[in-house]
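# Examination of the molecular architecture
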Amino acid sequence: RKTGEYAVRVLATLLQLGSVVGDDSFGLAVLGHSVIVNDDGGADEEEKLMNSDSTHSIQLLSDRRKGATNNTSSNHNYVKDVLKVLEWNGNDIRTLSAQEQAVKVIYYITDPNFIAGALSMKESLEEDENDVSGGSGPVDVDAVSDEYNDRMDEMIQIDIHRAFRSMLDHATSSASPSLQRWATACLRHLITEDQRRACSVAHSSSKYESFSSQLVSTGGVMILCSLLNSEDGETRAHATSALEAIVIATREIGLALHEPSGKGRGLSRVGRGTERDSTIVDAIISNVGGSGLPALAHLLISADESVSMMGCSFILSLISPLLTDPRGSGRTLQQCSNIATSMAVGFEEKDDGLSSYRNAAIALVVGDDTVQGSDVSCLPSLIEIVRSGVDSSSWGGRNKARPLKVQVKAAECIAAVALAVGHVIGMHTDQSAYDPIYVRAKSALEVMEEERIFDVALQIIKSDSHRSLDSSRDTPDARLREAAGLILLAMSSCSSVSSSYLISNGAVSTSLTIASEPGMLNAASTVRGKWASKGLCFLEAATTLLIQAWTTGTEQESDSGSSASPSLNLLLEALNSGAVGLASRLVKTKVTLKSHDLAYSQLRVKIAICFLLSSMFGIANKSHDNNDVGASRLYSAIDADCAQFLASGGNDTGVRTDLVGATLNLLNATLPYAHQFTKEDADEPLPMVDLSEACLLAAGSMCGLADPIGVHSTVQSNDDADEGKYSHLRLDACTMACDVLTATKPGQGA
């Protein structure tokens, strides 16, 4: 045993030196792939090997061709011997020291960079052998794939499950802080290797069961969460990194095992949540959401930027599906419009698969009421990070600006939290007033309003420093501005305080201007995924604020009887920002159905435009108390846009088609296929029913609907001589809408 202590110490030192200088030969030797060239090969073979460019290739090639025919134990795998050292009993200094060196050995030979290099080397050697030996005849692709996976497993012969159990045991040991630190750091490497193995055999006959599915039942997640409260700062950091790796690895494994339905059509599932990782997220939040929140908040406010970045990355890993999954923000406009018919298309909150992430996001803000000391919130720390980069005299520049990449991570975390809170509150009914989740969401909203995250987000999108001449480029500034737009969208959908502030500070005109920038509604979002464009969140935010002004303005004006109309002022602001021209261009844009992601993105834009038109025409229909100012400006802008379109040669037929006609043409093109796309054999069907619904709402407002859909909805009269100045235009819209609806065959309508 004493000899083993010295041996493992020397081995760990050699691996450490090899890692520093970039020499993997010692690590390959531990795995049993380093062989001494014997004398049987002849001088020519030895000279050939010595002239090779890669020392590692020499050793592996010698191992394959000579088979270690000498008396050395060249093919012996030493990993099992190292794992035995980790399982020694005893807490004396010598034992703990030897086990620490054994942990270092496992750490270096499971380094993802080392494993990637070894596998690449193995593959290159086999390609060279195939080139020399040639080959002909038919090839069984599946058999070749399975054989390849088996050979790669032979290359990296490490019992990952056994090593992981040993590392968890030593991570809980307080007898040696250094051993605990190294064991916790090694867990991330083991998790990454487990992910590689599970994903590589996901669709092959080879079998490998990832230990990620057992982390909750065996208490692995609980152990790592307890290390967040460790007195050693490095142990806390490594535990945070390991937890993040577990969430990401489990998510990627779940996506790799996911079988695409039908022909495989559907949205790209990169970054989206799975049932596997949602269980892990629930377990982490049940432990971290209590006493672990203060430790997590301390990571965020750390002066060390790498530690702060680690905390933000960990939080984002828990709740990122709220950004990357279309269901995370797909019903915001419908919720703001109080559309009861939305529930008829099969949308149920409990079935959208995102409840775990929403609960996690809310828990990060309000903690767990059942645990003492859990009233600490991570939100103020995240906001402080984002606020540090905003140049505002009201905040006085009191803190040094954090690096932009840290600000981006923090802003994306805040956006995901805001979307979660907005969804829960938006789905509120009278029966859910005492639902614990709703109560916690209301508490989280109060915290967000108190911290004024809407003010921070508005300052970001107004800042010239975050604008780019090329909107399609993926830059940290562009990601930060898009995250701020998502925050505005979420807050304006659920907070009257936020909506009032944003409306009075020009958020509508600013959002429409950003959405109108070249490429913003065509380039794929780097925050949400290919299913959304970069400018979609700004268009939806402006639309949400107009809907809020339309709905709340109706109630306020009916109660006060005042002639002043905030909603009318907002309509004029939108018209001055070019809303009609933007809507006209987007309504007439063709949808590319060949690409599911692109089609989904284009349909989401059209849905937002139809809601925008619905609120604009609805506000204009109420403006008869102000001498039809709103309707006059709106129809004048439509005529000007139509004239400009015809003058530029945009209509080859020469037929005058204004915005109203284009919207009804869109309704005509959408209705016959709405239900067909709900039955589409795809992972996420195209939102054709939502588009039909939005088109119908826009058509209703164009026909004279003065109030939002609801119990007290009214229609602008076309018979009153004083109030019917634009009655002929509304009548024309009614005629076209009736033609579209009556031309639809039974069973085809939405």
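Residues numbered from 1 in each chain as written. Predicted model: local features only at pLDDT ≥ 70, side-chain atom pairs only at ≥ 80, totals over all residues. Heavy atoms only, no water.

### Details of the overall build of the protein
Of regular secondary structure, the protein possesses 33 helices and two strands. Counting over 750 residues, the protein shows a buried share of 53%. In the protein, 76% of the contacts between residues at least 6 apart in sequence involve partners at least 24 apart. Total accessible area computed for the protein in this model is approximately 33000 Å², and 51% of it derives from carbon and sulfur atoms. (Helix = DSSP H or I, 4+ residues; strand = E, 2+ residues; numbered from the N terminus. Buried < 20%, exposed > 50% of the residue type's maximum accessible area, 1.4 Å probe, protein only. Contact = heavy atoms within 4.5 Å. Areas by Shrake-Rupley, 256 points an atom, 1.4 Å probe, with all protein chains shown as cover.)

### Points about the packing of helix α27 (residues 579-587) against helix α29 (residues 629-647)
At their nearest, the axes of α27 and α29 sit 9 Å apart, and the two run at 50° to each other. It follows from the interaxial angle that α27 and α29 lie oblique. Crossing hand, α27 versus α29: right-handed. Residues Val580, Gly581 and Ser584 of α27 form the contact with α29, whose participating residues are Leu634, Ala637, Ile638 and Asp641. Its residues assigned to classes, the contact of α27 with α29 shows four nonpolar, two polar and one charged. (Axes fitted to C-alpha atoms, helices over the stretch in contact; angles between N-to-C directions. Parallel < 35°, antiparallel > 145°, perpendicular 65-115°, else oblique. Left-handed = near helix turned anticlockwise from the far one by under 90°. Nonpolar A, V, L, I, M, F, W, Y, C, P; charged D, E, K, R; others polar.)

### Some points on the confidence of the model for the protein
With 75% of its residues at a pLDDT of at least 70, the protein reaches an overall mean of 79. The secondary structure element of the protein with the lowest average pLDDT is helix α4 (residues 55-66), at 41, and the one with the highest is helix α24 (residues 507-515), at 94. Considering only residues more than four positions removed or in separate chains, one finds that residues 35-74, a stretch of pLDDT under 50, has 60 contacts. Ignoring residues within four places in sequence, the model shows residues 136-146, a span with pLDDT below 50, making four contacts including any to other chains. (pLDDT = per-residue confidence, 0-100.)

### Structural notes on the pattern of salt bridges
Pairing between side chains of opposite charge can happen when their charged atoms approach one another. Enumeration according to the criterion identifies 14 salt bridges in this entry. Across the pair Glu234 and Arg181 runs a salt bridge whose closest N-O atoms are separated by 3.7 Å. Of the two residues, Glu234 is situated in helix α12 (residues 233-257) and Arg181 in helix α10 (residues 177-200); the sequence distance between them amounts to 53 residues. A residue is classified by how much of its surface remains accessible, and Glu234, at 45% relative accessible area, is partly exposed. Residues participating in the shared-partner salt-bridge network are Arg181, Asp232 and Glu234. (Salt bridge = Lys/Arg side-chain N within 4 Å of Asp/Glu carboxyl O.)

### Some thoughts on helix α17 (residues 355-366)
For α17, with twelve residues, the first-to-last C-alpha span of 16 Å sits near the 16 Å given by 1.5 Å per residue. By the criterion of burial, α17 is predominantly enclosed, with ten of the twelve residues buried. Among all positions of α17, only Ser356, Tyr357, Arg358, Ala360, Ala361, Ile362, Ala363, Leu364, Val365 and Val366 are buried. Just past α17, the residue Gly367 takes up positive phi, approximately 70°. (Expected span 1.5 Å × (residues − 1).)

### Topic: the side chain of Ser302
Tracing the sequence through the fold places Ser302 in the loop between α13 (275-300) and α14 (305-319). Judged by its relative accessible area of 19%, Ser302 is buried.

### Re the packing of aromatic side chains
In the structure shown here, the tally under the stated rule is seven aromatic pairs. Seen from their ring centres, Trp531 and Tyr600 are 6.2 Å apart, and the 85° between their planes marks the pair as edge-to-face. With Trp531 in strand β2 (residues 529-533) and Tyr600 in helix α28 (residues 596-621), this residue pair connects regions lying 69 residues apart in the sequence. Of the two residues examined, Trp531 and Tyr600, each falls in the buried class. On the numbers, 5.9 Å between centres and 75° between planes, the contact of Phe617 with Tyr635 is edge-to-face. Of this pair, Phe617 sits in helix α28 while Tyr635 sits in helix α29, and the two are 18 residues apart along the sequence. Residues Phe617 and Tyr635 agree in their burial class; the two are buried. Lying across the ring of Trp88, Arg1 places its NZ or CZ 4.3 Å from the centre. (Phe/Tyr/Trp six-rings, centres within 6.5 Å; stacked < 30°, edge-to-face > 60°. Lys NZ or Arg CZ within 6 Å of the ring centre and 35° of its normal.)

### Examining a nonpolar patch on the surface
Taken together, Val10, Leu14, Leu17 and Phe26 make up a surface patch of nonpolar side chains, about 330 Å² in accessible area. Here the element with the most residues in the nonpolar patch is helix α1 (residues 2-21); it accounts for three residues. Positionally, Val10 belongs in helix α1. (Patch = residues over 30% accessible without salt bridge, like charges linked within 9 Å, V, L, I, M, F, W, Y side chains within 5 Å.)

### As for the environment of Leu691
Structurally, Leu691 can be placed in helix α32 (residues 688-702). With relative accessibility at 1%, the residue Leu691 sits in the buried group. Note: C-alpha distance between Leu691 and Cys610 (81 residues apart in sequence) is 8.0 Å. What Leu691 contacts, discounting residues up to four positions off in sequence, is Leu603, Lys606, Ile607, Cys610, Leu666 and Thr670.

### Quick notes on the nonpolar core
One finds Ile106, Ile284, Ile319 and Leu539 to be the most contacted residues of the largest nonpolar core, which totals 205 residues. Discounting chain neighbours no more than four positions away, the residues touching Ile106 are Val79, Val82, Leu83, Leu86, Ala163, Met167, Cys186 and Leu190. (Core = buried A, V, L, I, M, F, W, Y, C linked by side-chain atoms within 4.5 Å.)

### As for the environment of Ala239
Summarising the element assignment, Ala239 is placed in helix α12. Judged by its relative accessible area of 0%, Ala239 falls in the buried class. Separated by 54 residues in sequence, Ala239 and Ala185 place their C-alpha atoms 7.4 Å apart.

### Looking at the packing of helix α5 (residues 79-86) against helix α9 (residues 160-171)
Contact pair α5 / α9: the axes reach a minimum separation of 10 Å and the direction vectors enclose 25°. It follows that α5 is roughly parallel to α9 by the angle criterion. Viewed along their axes, α5 and α9 form a crossing whose handedness is left-handed. For the pair α5 and α9, contact is made by Lys80, Leu83, Lys84 and Leu86 and by Arg162, Ala163, Ser166, Met167 and His170, respectively.

### Focus on the pairing of β2
Two strands pair when backbone bridges link them, and strand β1 (residues 524-525) and β2 are joined in this way by two bridges, in the antiparallel orientation. If you follow Ser525 over to β2, its bridge partner there is Gly529. The hairpin turn running from β1 into β2, its antiparallel successor, is three residues long. (Pairing = 2+ DSSP bridges.)

### Comments concerning unusual backbone geometry
Even without being glycine, Arg452 reaches a positive phi, approximately 55°. Inspection of the secondary structure puts Arg452 in the loop between α20 (436-451) and α21 (453-462).

### Thoughts on the side chain of His189
Along the chain, His189 turns up in helix α10. Residue classification places His189 among the buried positions, given a relative accessible area of 11%. Of the polar contacts made by the side chain of His189, one reaches the backbone oxygen of Tyr107; its length is 2.9 Å. The contact partners of His189, leaving out residues within four places of it in the chain, are Tyr107, Thr110, Asp111 and Pro112. (Polar contact = N/O pair within 3.5 Å; in protein donor to acceptor, adjacent residues only side chain to side chain.)

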